[in-house]
Amino acid sequence: AADAGDAPRSESPCGIVPRSGARAGQGGIDVPRPSPPVDRAAAMTAFNESPAGLEWLLLGIAGGVGTVARALLTLLAGRLCGGDFPWGTLVVNLLGALAFGAVVAAARSRLALGPAIETLVLVGLLGGFTTFSSYAFQAVEMWQQGRMAAALAYVGLSNLLGLLAVWAGLRIAG
């Protein structure tokens, strides 16, 4: 059986070719490759026996801080700009995307954040603040890698299917 260190696979289960040459630690953030289904019971046993439980706790705290920051900023923007447009969400999404790009650029060029700190900031803090930042970064990264079709497909599918999913959820629950 092949392991994760073998040559990159040519195609994911979704039909999108993964980034070539991705290696752990290269630039601080790697595009995840498709992996086999996870044995949840084994993963939880490993987590419970791992001394890294503190990292998970800190990740949750960072996510909580990002969530509170999002709520406060959304409230502030709504009060300042009025409620006729989702100004708060727009401001949060744009600030989150700006912060995500700045953290990634700084980590890749002049700061040695390390994977744990990078995860706390990008996944925890900014993930709690807005997932739009991850979405925007991933689309831009694919574009910069010359994967224009994948970037356009990702943006198009995320928007179209996201709108359809909200519509379906409203229909199901309504």
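Presented here is an overview of the structure given in this document. (Residues numbered from 1 in each chain as written. Predicted model: local features only at pLDDT ≥ 70, side-chain atom pairs only at ≥ 80, totals over all residues. Heavy atoms only, no water.)

## Description of the pattern of salt bridges
Step number 1: Counted under the stated rule, the structure contains one salt bridge.
Step number 2: A salt bridge links Arg108 to Glu141, with the nearest nitrogen and oxygen atoms 2.9 Å apart. Of the two residues, Arg108 sits in helix α3 (residues 87-109) while Glu141 sits in helix α5 (residues 132-144), which places them 33 residues apart along the sequence.
Step number 3: Given the relative accessible area of 39%, Arg108 is considered partly exposed. (Salt bridge = Lys/Arg side-chain N within 4 Å of Asp/Glu carboxyl O. Helix = DSSP H or I, 4+ residues; strand = E, 2+ residues; numbered from the N terminus. Buried < 20%, exposed > 50% of the residue type's maximum accessible area, 1.4 Å probe, protein only.)

## Some details on the nonpolar core
Step number 1: Listed in full, the eight residues of the largest apolar core are Val92, Phe100, Val103, Val104, Leu122, Leu126, Phe129 and Phe137.
Step number 2: Setting aside anything within four residues of it in sequence, one finds Leu126 in contact with Gly96, Ala99, Phe100, Val121, Thr131 and Ser133. (Core = buried A, V, L, I, M, F, W, Y, C linked by side-chain atoms within 4.5 Å. Contact = heavy atoms within 4.5 Å.)

## Observations regarding the packing of aromatic side chains
The description of two aromatic rings rests on the distance between their centres and on the angle between their planes.
Step number 1: Enumeration over the complete set of coordinates arrives at four aromatic pairs.
Step number 2: On the numbers, 4.6 Å between centres and 50° between planes, the contact of Phe85 with Trp87 is tilted.
Step number 3: Here Phe85 falls in the partly exposed class, since its relative accessible area comes to 41%.
Step number 4: Judged by relative accessible area, Trp87 falls into the partly exposed class, the value being 32%.
Step number 5: Plain terms: the ring middles of Phe132 and Tyr135 are 5.4 Å apart, the flat faces sit at 50° to each other, and that makes the pair tilted. You can see Phe132 and its partner Tyr135 sitting in helix α5, three residues apart, about one turn around the helix.
Step number 6: Here Phe132 falls in the partly exposed class, since its relative accessible area comes to 30%.
Step number 7: Given the relative accessible area of 15%, Tyr135 is considered buried.
Step number 8: Joined through ring pairs, the aromatic side chains of Phe132, Tyr135 and Tyr154 make up one cluster. (Phe/Tyr/Trp six-rings, centres within 6.5 Å; stacked < 30°, edge-to-face > 60°.)

## Some words on the side chain of Asn93
Step number 1: Along the chain, Asn93 turns up in helix α3.
Step number 2: If we ignore the near neighbours within four places in the chain, the residues touching Asn93 are Thr130 and Phe132.

## As for α3
Step number 1: End to end, α3 covers 33 Å across 23 residues, agreeing with the expected 33 Å (1.5 Å per residue, within 8%).
Step number 2: All buried positions along α3 are accounted for by Gly88, Val92, Asn93, Gly96, Phe100, Val103, Val104, Ala106 and Ala107.
Step number 3: Those residues of α3 that are buried are in contact with α2 (53-81), α4 (114-129) and α5. (Expected span 1.5 Å × (residues − 1).)

## Observations concerning the packing of α5 against helix α6 (residues 148-173)
Step number 1: Following both chains from N to C, one finds α5 and α6 inclined at 155°, their axes separated by 7 Å at the closest point. Taken together, the axis directions place α5 and α6 in an arrangement best described as roughly antiparallel. Relative to α6, α5 is oriented so that their crossing is left-handed. Together, Tyr135, Gln138, Ala139, Met142 and Trp143 of α5 and Met148, Ala150, Ala151, Leu152, Tyr154, Val155, Ser158 and Asn159 of α6 make up the contact between the two elements. (Axes fitted to C-alpha atoms, helices over the stretch in contact; angles between N-to-C directions. Parallel < 35°, antiparallel > 145°, perpendicular 65-115°, else oblique. Left-handed = near helix turned anticlockwise from the far one by under 90°.)

## Comments concerning the environment of Ser133
Step number 1: Relative to the elements of secondary structure, Ser133 occurs in helix α5.
Step number 2: Expressed as a C-alpha distance, the spacing of Ser133 and Val123, which sit 10 residues apart in the sequence, is 9.9 Å.
Step number 3: With residues up to four places along the chain from it excluded, the contact list for Ser133 reads Gly96, Ala97, Phe100 and Leu126.

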